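# Chains, contacts and geometry: an overview
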Amino acid sequence: MNKKPYVIGLIVALAVGFAVIGLYALSGGKELNYRLKNRGDLGPLSKDDIVYRTVEAPAATSKDGTISAKDWSSVYPEIALTMGDNAKNTYVVSYLEEDPYLTNIYEGYGFAKDYGSARGHEYTLEDVAATERPHPMANCLTCKTPNFAKLVNDQGVSVYTMDFNEVLAMMEENVSCYTCHGNEAGNAGELVVTHSYVTKALGDAVNDINPATLSCGQCHIEYYFTPADKETMMPYHDVESMSPEAILAYYDAMDFADWTQESTGTKLLKAQHPEMETVLAGKHANFLSCADCHMPIEQKSNGEAYHSHELVSPLENEALLANCATCHGDTDMVKLVKGIQSRITARETEVGNKLSDFKDALAAAVAEGKMTEEELDAVRKLHREAQWFFDFCYVENSEGAHNSELATRCLDTAEEKITEGMALLGKDVNGK
Ligand code: HEC
Ligand code: HEC
Ligand code: HEC
Ligand code: HEC
């Protein structure tokens, strides 16, 4: 047997090995670690660059046994710090001032009194305490703090009907580590569903959703309070039933309404913020999680990579935009997204004003008393449906960026229902 090729192979391998080690030593180690910029063919940092550590969990200092961000901060200083950076997201607008027709369409409900846009996770408790919308029960705290999730996990659903202020006084943190990791963050950042209604509603279907999407989907969803226990609940049991059509059918089947509007007599629904439903029906559902677009991968000074826990807009973050480019090439993403958003926002204003006129026309017909209850109920059904479809789009926080087709479908459906309802009232859509 000729050993020559084998020996040459060995020599080459050793030479390459020494060269790599030599380069590493020369560069002080650091330069071999990928840098965000100039990674060339390597592309942007990815999860493959993260070293997932298994570490012992620190002792919990909170009263309820949840391990807080402060507790974790010595183990994961960058993660705790970047999570704190959600305090930088302070921008808010009053939707009622921006879109005056809302006060009319939400008449008789809390959102007609006070409806501002959301801001960062560091303000959840402050904002829920300050809202002028009434909150008679503790269930309003569901999506604000890990301490409430823990209370439900420890004491069961009776917690939902406890007095709001009594429970608020027991809350220690805004959205935090326990919310998305339970007390398990030490296990390589394992994601844990801590909000019990998610597993109740979805059962085994939780396995159909990427954990880095479902962890946000504990709150960024449409939900209702069950009539019996006032428990927070999702109105579906699987991903297929997350469409606005299927959710409406679910509410209709249980004869659910958020409120009955006095002037029209319509049993209305208020949509919440169906981000997960919208994303899962969108173009990226099969390959990108919420984290992929909102949690940039950054580097520590020693070169180790980690997920920033500051939840940012991908349009304002270089690392996230570099991610988009791996599929979208040199498309101007900011222009693409802003274009969609301005188109959807303009349609919202158009349809929202029509909905407001429709509501006035129905209220006038009710006051006039010339139509039978049966005739009015047929219009009320269309009013309920139109408002539901309008709201499903309006309250979704991405303004069409997550799924422009769904946003368009919602607004088109709302407009069709308005036109049909106006015809039953003997009016054309311009209210004449
Ligand atoms: C425990 C519930 C909860 C979970 C889980 C959660 N959020 Fe939130 N999120 C909220 C609430 C409540 C607000 C609004 C806070 C405020 O305005 O006081 C919010 C606000 C935001 C905002 C700011 C919105 C704006 O208009 O400025 C972004 C972005 C966001 N969340 C993204 C995410 C992402 C991404 C995840 C998953 C990694 C996630 N959230 C998980 C409850 C949650
Ligand atoms: C393909 C990327 C992508 C995915 C996946 C994605 N988002 Fe977004 N998201 C965006 C873009 C783009 C915007 C618009 C940002 C802007 O207007 O600056 C946005 C906006 C938002 C906003 C509003 C933020 C604000 O400041 O007003 C929230 C909240 C949000 N997303 C949550 C989520 C949640 C929760 C998920 C998962 C269920 C998710 N996103 C998945 C790209 C994505
Ligand atoms: C709103 C939900 C949310 C909160 C709050 C949160 N995390 Fe995470 N965390 C995630 C998600 C989602 C990922 C995984 C992203 C992925 O892999 O796509 C993650 C990843 C991690 C990882 C794995 C390493 C990495 O960088 O990906 C660790 C460790 C971790 N988180 C620790 C923490 C600690 C400690 C806190 C509190 C200071 C915290 N997280 C708060 C959602 C959250
Ligand atoms: C893994 C590949 C991939 C990545 C990464 C990716 N996209 Fe996409 N994106 C797609 C595909 C595929 C489509 C659908 C194209 C079509 O139908 O014409 C799409 C469509 C879109 C649309 C139009 C969606 C709609 O509903 O109208 C927007 C907006 C968008 N992407 C934004 C982003 C942003 C912002 C990022 C980065 C944060 C991003 N994408 C990252 C593959 C990707």
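Residues numbered from 1 in each chain as written. Chains lettered and ligands numbered in written order. Predicted model: local features only at pLDDT ≥ 70, side-chain atom pairs only at ≥ 80, totals over all residues.

## What to know about the overall build of the protein
- When helices and strands are counted, the protein shows 18 helices and six strands.
- Looking at the protein as a whole, 37% of its 432 residues qualify as buried.
- In the protein, of all internal contacts separated by at least 6 residues, the share reaching a separation of at least 24 is 67%. (Helix = DSSP H or I, 4+ residues; strand = E, 2+ residues; numbered from the N terminus. Buried ≥ 20, exposed ≤ 12 C-beta atoms within 10 Å, placed from the backbone. Contact = placed C-beta atoms within 7 Å.)

## So, the site of ligand 1
- Neighbouring ligand 1 are 24 residues; Ala-118, Asp-127, Cys-143, Cys-216 and Cys-219 lie closest to it.
- Elements supplying a minimum of two residues to the shell around ligand 1: helix H6 (124-130), helix H9 (177-181) and helix H14 (290-294).
- By residue number, the principal contributor to the shell around ligand 1 is H14, which donates three residues.
- Considered class by class, the residues forming the shell around ligand 1 number ten nonpolar, eleven polar and three charged. (Near = placed C-beta within 6 Å. Nonpolar A, V, L, I, M, F, W, Y, C, P; charged D, E, K, R; others polar.)

## Points about the site of ligand 3
- In the vicinity of ligand 3, 26 residues are found, and the nearest of them are Cys-177, Cys-180, Gly-189, Ala-212 and Tyr-306.
- Listing elements by their share of the shell around ligand 3, those giving two or more residues are helix H2 (69-72), helix H3 (77-84), H9 and strand E6 (305-307).
- At four residues, H9 tops the list of elements feeding residues into the shell around ligand 3.
- Of the residues in the shell around ligand 3, the class split is 17 nonpolar, eight polar and one charged.

## Considering the environment of Thr-408
- Its location among the elements puts Thr-408 in helix H18 (residues 404-424).
- The exposure class of Thr-408 is partly exposed, given the 16 C-beta atoms found within 10 Å.
- Along the chain, Thr-408 and Arg-347 lie 61 residues apart, while their C-alpha atoms are 8.2 Å from each other.

## Quick look at the nonpolar core
- Formed by 32 residues in total, the largest nonpolar core has its most connected members in Leu-355, Ala-386, Phe-390, Cys-410 and Ala-414.
- The element best represented in this core is helix H17 (residues 373-394), accounting for ten residues.
- Each residue touching Ala-414, except ones within four places of it in the same chain, is listed here: Val-351, Leu-355, Ala-386, Phe-389 and Phe-390.
- Listed in part, the 29 residues of the second largest apolar core include Ala-212, Tyr-236, Leu-280 and Val-312. (Core = buried A, V, L, I, M, F, W, Y, C linked by C-beta atoms within 7 Å.)

## Some words on the confidence of the model for the protein
- Residues of the protein with pLDDT of at least 70 account for 90%, and the chain-wide mean is 91.
- Long-range and interchain partners of residues 16-36, a stretch whose pLDDT sits below 50, account for twelve contacts in this model, where long-range means more than four residues apart. (pLDDT = per-residue confidence, 0-100.)

## Observations regarding the environment of Pro-146
- On the secondary structure map, Pro-146 appears in helix H7 (residues 146-155).
- Assessed through the 28 C-beta atoms surrounding it within 10 Å, Pro-146 is described here as buried.
- What Pro-146 contacts, discounting residues up to four positions off in sequence, is Thr-66, Glu-173, Ser-176, Tyr-178, Thr-179 and Thr-194.

## Here we look at the packing of H17 against H18
- Direction vectors running N to C along H17 and H18 enclose 160°, while the axes themselves pass 8 Å from each other. One way to sum up the angle between H17 and H18 is to call them roughly antiparallel. Crossing angle aside, the handedness with which H17 passes H18 is left-handed. Between H17 and H18, the contacting residues are Ala-378, Val-379, Leu-382, His-383, Glu-385, Ala-386, Phe-389, Phe-390, Phe-392 and Cys-393 on the first element and Ala-407, Cys-410, Leu-411, Thr-413, Ala-414, Lys-417, Ile-418, Glu-420, Gly-421 and Leu-424 on the second.
- A per-class count over the contact of H17 with H18 returns 14 nonpolar, three polar and three charged. (Axes fitted to C-alpha atoms, helices over the stretch in contact; angles between N-to-C directions. Parallel < 35°, antiparallel > 145°, perpendicular 65-115°, else oblique. Left-handed = near helix turned anticlockwise from the far one by under 90°.)

## Some points on unusual backbone geometry
- Phi angles above zero are rare outside glycine, and Ala-188 is one such case at about 55°.
- Mapping Ala-188 onto the fold places it in the loop between H9 and helix H10 (196-202).
- Located in the positive-phi region is Lys-230, a residue other than glycine, with phi close to 60°.
- Secondary-structure assignment places Lys-230 in the loop between strand E1 (224-225) and strand E2 (232-233).

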